Protein chains: 2
Amino acid sequence: MKSEAETSSTPTVGMEDLVSLCARRGFIFQSSEIYGGINGFWDYGPLGVELKNNLKEFWWQRTVRDREDVEGIDSAIIAHPRTWEASGHVEHFADPMVDCRACKRRFRADQLDEAGHCPSRQGSSEHDFTEPRSFNLMLRTQIGASEDAASTAYLRAETCGSIFTDFKRVRDASRQKIPFGIAQIGKAFRNEINPRNFTFRSREFEQAELEFFCHPSQTEKWFEYWLERRLCFHREIGFDERRLRTRSHGADELAHYCKQAVDLEFLFPFGWKEIEGIHDRGSFDLTQHSEFSGKELSVMDEATKERFVPAVVETSAGVDRTALALLANAYEEERLEDGETRTVLHLHPVVAPIKVAVLPLSKKIGEPARKIAAELRRRWNVFYDESGNIGRRYRRQDEIGTPFCITYDFQSETDSQVTVRERDSMKQERVAESGLEAYIKSRLEEGL
Amino acid sequence: MKSEAETSSTPTVGMEDLVSLCARRGFIFQSSEIYGGINGFWDYGPLGVELKNNLKEFWWQRTVRDREDVEGIDSAIIAHPRTWEASGHVEHFADPMVDCRACKRRFRADQLDEAGHCPSRQGSSEHDFTEPRSFNLMLRTQIGASEDAASTAYLRAETCGSIFTDFKRVRDASRQKIPFGIAQIGKAFRNEINPRNFTFRSREFEQAELEFFCHPSQTEKWFEYWLERRLCFHREIGFDERRLRTRSHGADELAHYCKQAVDLEFLFPFGWKEIEGIHDRGSFDLTQHSEFSGKELSVMDEATKERFVPAVVETSAGVDRTALALLANAYEEERLEDGETRTVLHLHPVVAPIKVAVLPLSKKIGEPARKIAAELRRRWNVFYDESGNIGRRYRRQDEIGTPFCITYDFQSETDSQVTVRERDSMKQERVAESGLEAYIKSRLEEGL
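Definitions and cut-offs
- Residues numbered from 1 in each chain as written.
- Chains lettered and ligands numbered in written order.
- Predicted model: local features only at pLDDT ≥ 70, side-chain atom pairs only at ≥ 80, totals over all residues.
- Heavy atoms only, no water.
- Helix = DSSP H or I, 4+ residues; strand = E, 2+ residues; numbered from the N terminus.
- Contact = heavy atoms within 4.5 Å.
- Areas by Shrake-Rupley, 256 points an atom, 1.4 Å probe, with all protein chains shown as cover.
- Lys, Arg positive; Asp, Glu negative; His and termini not counted.
- Charge placed at Lys NZ, Arg CZ, Asp CG, Glu CD.
- Least-squares fit on C-alpha atoms with pLDDT ≥ 70 in both.
- Buried < 20%, exposed > 50% of the residue type's maximum accessible area, 1.4 Å probe, protein only.
- Buried area = accessible area lost by both parts, 1.4 Å probe.
- Salt bridge = Lys/Arg side-chain N within 4 Å of Asp/Glu carboxyl O.
- Nonpolar A, V, L, I, M, F, W, Y, C, P; charged D, E, K, R; others polar.
- Expected span 1.5 Å × (residues − 1).
- Phe/Tyr/Trp six-rings, centres within 6.5 Å; stacked < 30°, edge-to-face > 60°.
- Lys NZ or Arg CZ within 6 Å of the ring centre and 35° of its normal.
- Axes fitted to C-alpha atoms, helices over the stretch in contact; angles between N-to-C directions.
- Left-handed = near helix turned anticlockwise from the far one by under 90°.
- Pairing = 2+ DSSP bridges.
- pLDDT = per-residue confidence, 0-100.

Participant: Lay out the overall build of chain A in plain terms, naming residues and giving numbers.
Facilitator: Counting its regular elements, chain A contains 13 helices and 23 strands. With the C-alpha coordinates aligned to their principal axes, the bounding extent of chain A is approximately 75 × 75 × 50 Å. Taking the intrachain contacts of chain A between residues at least 6 apart in sequence as the baseline, contacts between residues at least 24 apart amount to 65%. For chain A, the accessible area works out to roughly 18,100 Å², and carbon and sulfur atoms hold 46% of it. Across chain A, the mean location of the 63 positive side-chain charges is 2 Å away from that of the 76 negative side-chain charges.

Printed below as a string of structure tokens:
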């Protein structure tokens, strides 16, 4: 339950430009901006929500729908508090915290090298730190109409908790046999001492987790399998191989229940950081919940008649982190031949917020162009824009990662063809209207 | 901010059978069941999450993607607390609560006719109620590493709050002009005094809300427009017209900021209940947030140069309530000709969790059947089942609302045709494998 080591490295693109683009074009911006924001909380705007939903849907497709051995669930954010006692979160889910007696600011004790100079100490530039204290990261609330301790509840700190408590119900209802998995996407909350790096470390975030239940003797095989599957997923959504790496946890980094852990790291502008973890959790979770609930959570091997508590291989992805990595991965300020610069997001079509922009050369031919947009909209998220210079309209689409622009011009009225312009190469091609949908479909699905 | 009047009426199907089916087949069940559950919280199982996601996706398609004048967002559940001061929730979002001095149970003062007999009073069957007290329904938590009052935050009680605080950012980023809307789907929390009626009144729930911003002189027109659109949506997802009605709020029912409100009600087994509300909120929200934030939230009419604060027409749907209504609407215990009974969910294909089940007549011909399943799975959620009696396999699909079963039999090996069985009519048809996908597509989309 320890956060990843935060190494630093040379940024490949400036974070500021990306953050600015995100706000300006409505991908991601501070929550409650008009009230000065709230530290560690972010809102996804019109383009951000489409990007994030595309990412989640594709994860769901690959993890749940494509497979016969994984079931999905969507559980409540607030579960019975015993869930978090059994998991150890109530007692142990903490970071070490220190205060500076001079400037009154608060820091994570394991991040003091990044604390900077103390603004309040005149003779010395150093902070005057207190001893580290343990600070529990679970967000607490009160449920029910009384405020006594019995009604204390927690906002989940990870989505996997209810996968374990729902294990028996889901197995019975779905008639799955070991090995099989349960997957979930949903919000989780951690009262981070120092939220930072844009959406990377925030207090409210979304996870996409899979808990794969298998015989304890099979964990190594499944660990390798799922690590490979997840790497494949990241390649499918378009990550640059040079900005992805795996990092195995050393024995000193592992949580006590965790036998093996590999982080998938992405090279952000602020360094290599974890976007997903693959964990061999052993039989810890089901054993704990069985003990705390008094319910039998073991299963029987039908061939050998052996009873055993299933072991778990977990793949735990941060949705917001992955979305941010996708944006950083895609962002380029490209120098064009004519000396101009264009900002372009090279997003893979599967995650691009808008798949196709339909742009009539003139408002006068808006009607047939709108018809094309309406037709394509049945299948994809389509943007229609008829105002302004066509070059500027292309640039606006480049900047938000739209893979294809379709231009309807005066010639289209007579030859029933349109111009399809591809974002990355900027190449243009004439395509017959009648084959347009099939053409776009095939090009969007390239590489999937 | 008052809850709807809860009228009662004759149930059309028993609630118990539906609740039991939901648990047994993995649609919806109590959260944290193994710990005895937690009152007012529910988990969606493998079929429930698909049903709910289908409903949300179709709402998003109709409300956001199909339209040029609506933008989507996905904001944090925890916003700046001023958001809820401006909206009046911190001060006024409360239900009247009474305690029974004898049995110590707690009730909503406006629901006392449903409180039943007091188990603790021997001579009298009546409760011994205290005077009503106001009970705020907002869930509170503490953000940041200190526990002083400054860090108190709230879990949102409705998703619309951040639509208003993000209004200016979204308008600027999307370059939309009035009239236009902002839509959001997401979790909200209310500390209900008495959660009940399965998922209908729970403490954690999901909303799908649209706030449509228009000139104050145009609210009546847009109110009528959106009421009609929402009714159309409910027809599209398959609601029985006889179980849907609209109910206009009387002047005494309206929240102080609300000029007009119409509930869309569904006839649940426990009576007519609101599943969605259409509200004319006037300029209340933007005016309040402008005042509390000191930010200018008015807009200028480009034609007349008039500055005005946009008025809002809201459509606010309960996702869990609508999902529950869909299940109740679909549920039938059907008496067949042979005297047997089958349980069937007549779910519209657009919301059905599984669109197609592929069932080879025998395991021996599993391989080609699996190939068909894999092919169809690229497009739809497909279930594959090769074990057991074919009649029983059909019944298991009927019970979860799968519109089509495809049976691959020994004849299929030679004639390349399969049998497609339709759920409601139980009619079977031979279809060529080569045209199967197009056949299923066209039948799934009937009526959309």
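Participant: Can you tell me about the relation of the copies chain A and chain B, naming the residues and giving the values?
Facilitator: Under the fitted operation, chain A is carried onto chain B by 0.0 Å of movement along the axis and a turn of 180 degrees, and the coordinates agree to an RMSD of 0.1 Å. Such a turn and shift between the copies fits a two-fold axis. Of every C-alpha in chain A, the one belonging to Thr141(A) sits nearest the axis of rotation, 2.5 Å from it. Mapped onto chain B, 100% of the interface residues of chain A again fall at the interface, so both copies present the same surface.

Participant: Got a sec to walk through helix H1 (residues 15–25) of chain A? Specific residues and values, please.
Facilitator: Every buried residue of H1(A) is accounted for by Met15(A), Leu18(A), Leu21(A), Cys22(A), Ala23(A) and Arg25(A). Just past H1(A), the residue Gly26(A) takes up positive phi, approximately 85 degrees.

Participant: Residue-level account of the interface of chain A and chain B, with values.
Facilitator: One frequently used descriptor of interface size is the decrease in accessible area upon assembly of the parts. Taken together, the 84 residues of chain A in the interface contact 84 residues of chain B. Of the roughly 7,000 Å² buried between chain A and chain B, counting both surfaces, carbon and sulfur atoms make up 49%. When the area that chain A buries against chain B is broken down by residue, the three leading residues are Ile34(A), Tyr35(A) and Arg65(A), summing to 12%. Summed over the shared surface of chain A and chain B, the result is 10 salt bridges. Of the charged contacts in the structure, one is a salt bridge between Glu68(A) and Arg377(B), with a shortest N-O distance of 3.6 Å. Per-element accounting of the side of chain A that touches chain B gives the leading share, 11 residues, to helix H2 (residues 46–65) of chain A. When its residues are assigned to classes, the side of chain A that touches chain B shows 31 nonpolar, 22 polar and 31 charged.

Participant: Kindly report on the pattern of salt bridges, identifying the contributing residues and their values.
Facilitator: For side chains of opposite charge, pairing can occur when their charged atoms come near one another. A full pass over the atoms with the stated rule returns 94 salt bridges over all chains. Linking Arg169(A) and Glu33(B) is a salt bridge whose minimum nitrogen-to-oxygen distance equals 2.8 Å. Separated into two different chains, Arg169(A) in helix H6 (residues 167–174) and Glu33(B) in the loop between strand S1 (28–30) and strand S2 (42–44) make up a pair that spans both. Taking relative accessible area as the criterion, Arg169(A) reaches 23% and is therefore assigned partly exposed. What makes Glu33(B) partly exposed here is its relative accessible area of 26%. Within the structure, one salt-bridge network assembled from shared partners comprises Lys52(A), Lys56(A), Glu206(A), Asp320(A) and Asp74(B).

Participant: So what's going on with helix H9 (residues 319–330) of chain B? Residues and values would help.
Facilitator: Residue and element names in this part refer to chain B. Along its 12 residues, H9 runs 16 Å from first to last C-alpha, staying within 8% of the 16 Å computed at 1.5 Å per residue. Within H9, 12 of the 12 residues are buried, leaving the element largely enclosed by the surrounding structure. Considered for burial, the residues of H9 that qualify are Val319, Asp320, Arg321, Thr322, Ala323, Leu324, Ala325, Leu326, Leu327, Ala328, Asn329 and Ala330.

Participant: How would you sum up the environment of Ala373(A)? Please name residues and give values.
Facilitator: Considering the arrangement of structural elements, one finds Ala373(A) in helix H10 (residues 366–377). Under the relative-accessibility criterion, Ala373(A) is labelled buried at 0%.

Participant: Would you mind going over the side chain of Thr152(B) in detail, with residue names and values included?
Facilitator: In this fold, Thr152(B) is placed in strand S8 (residues 152–155). Sequence-distant contacts of Thr152(B), that is, excluding residues within four places in its chain, are made with Pro81(B), Arg140(B), Thr141(B) and Gln142(B).

Participant: Summarise the packing of aromatic side chains; cite the residues concerned and give the values.
Facilitator: Enumeration according to the criterion identifies 34 aromatic pairs over all chains in this entry. Measuring from centroid to centroid gives 6.2 Å for Phe164(B) and Phe213(B), while their planes differ by 90 degrees, and the two rings are edge-to-face. Linking Phe164(B) in helix H5 (residues 160–165) with Phe213(B) in strand S10 (residues 204–214), this pair joins segments that are 49 residues apart in sequence. Across the pair, exposure class does not vary: Phe164(B) and Phe213(B) are buried alike. On the numbers, 4.8 Å between centres and 20 degrees between planes, the contact of Tyr257(B) with Phe284(B) is stacked. With Tyr257(B) in the loop between strand S11 (244–248) and strand S12 (260–268) and Phe284(B) in helix H8 (residues 284–293), this residue pair connects regions lying 27 residues apart in the sequence. Of the residues examined, Tyr257(B) reaches a relative accessible area of 10% and is grouped as buried. Following the ring pairs from residue to residue traces out a cluster consisting of Phe200(A), Phe239(A), Phe266(A), Phe268(A) and Phe270(A). It is Arg230(B) that lies over the ring of Phe233(B); its NZ or CZ is 4.3 Å from the centre.

Participant: Go over the packing of H1(A) against helix H11 (residues 390–400) of chain A, please, and point to the residues and values.
Facilitator: Packed helix pairs are characterised by how far apart their axes lie and by the angle those axes make with each other. All names here are of chain A. In the contact formed by H1 and H11, the axes pass within 11 Å of each other and the chain directions differ by 115 degrees. Taken as a pair, H1 and H11 cross one another with a handedness that is left-handed. Of H11, the residues touching H1 (which contributes Leu21, Arg24 and Arg25) are Arg396, Glu399 and Ile400. Taken together, the residues of the contact of H1 with H11 break down into two nonpolar, no polar and four charged.

Participant: Which residues make up the sheet that holds strand S5 (residues 106–108) of chain B, and what values do they have?
Facilitator: Sheet strands associate in pairs through backbone hydrogen bonding, adopting either a parallel or an antiparallel arrangement. Residues and elements named next belong to chain B. Reading across the sheet, the three strands line up as S5-S4-S6 and stay open at both edges, with antiparallel pairing between neighbours. Looking at strand neighbours, the two that pair on one side only are S5 and strand S6 (133–136), the edges of this open sheet. If you compare each strand with its neighbour and ignore which way they point, the axes differ by 45 degrees on average. Where strand S4 (residues 94–99) lies against S5, three bridges are found, and the strand directions are antiparallel. Across the sheet, Val98 pairs through a bridge with Phe107, a residue of S5.

Participant: Before we move on, can you summarise unusual backbone geometry with the specific residues and values?
Facilitator: All names here are of chain A. A cis amide bond, omega 0 degrees, links Ile178 with the succeeding residue Pro179. Secondary-structure assignment places Pro179 in the loop between H6 and strand S9 (180–189). Despite not being glycine, Asn197 shows a phi value in the positive range, around 55 degrees. Relative to the helices and strands, Asn197 resides in the loop between S9 and strand S10 (204–214). Overall, Asn197 belongs to the partly exposed group, its relative accessible area being 24%.

Participant: Hey, could you go over the confidence of the model for chain A for me, with residue numbers and the actual values?
Facilitator: Detailed conclusions should not be drawn from predicted coordinates in areas where pLDDT is low. Scored by pLDDT, chain A comes out at a mean of 93, with 96% of its residues at no less than 70. Ignoring residues within four places in sequence, the model shows residues 1–11 of chain A, a span with pLDDT below 50, making 35 contacts including any to other chains.

Participant: An account of the environment of Ile365(A) is requested, with residue identities and associated values reported.
Facilitator: With respect to the element layout, Ile365(A) can be found in the loop between strand S19 (356–360) and H10. Spatially, the C-alpha atom of Ile365(A) lies 9.2 Å from that of Glu386(A), the residues being 21 residues apart in sequence.

Participant: Can you tell me about the sheet that holds strand S13 (residues 271–282) of chain A, naming the residues and giving the values?
Facilitator: All names here are of chain A. Spatial strand order, S3-S9-S10-S16-S13-S12-S11: seven strands in an open sheet with mixed pairing. Because the sheet does not close on itself, it has two edges, and the strands there are strand S3 (70–73) and strand S11 (244–248). In this sheet, adjacent strand axes meet at a mean angle of 25 degrees when their direction is disregarded. Sheet topology places S13 next to strand S16 (residues 311–318); six bridges connect them, and they run antiparallel. By the bridge assignment for S16, Gly277 is matched with Ser316. Those strands touched by H2 are S3, S9 and S10, and its axis lies near 160 degrees from that of S9.

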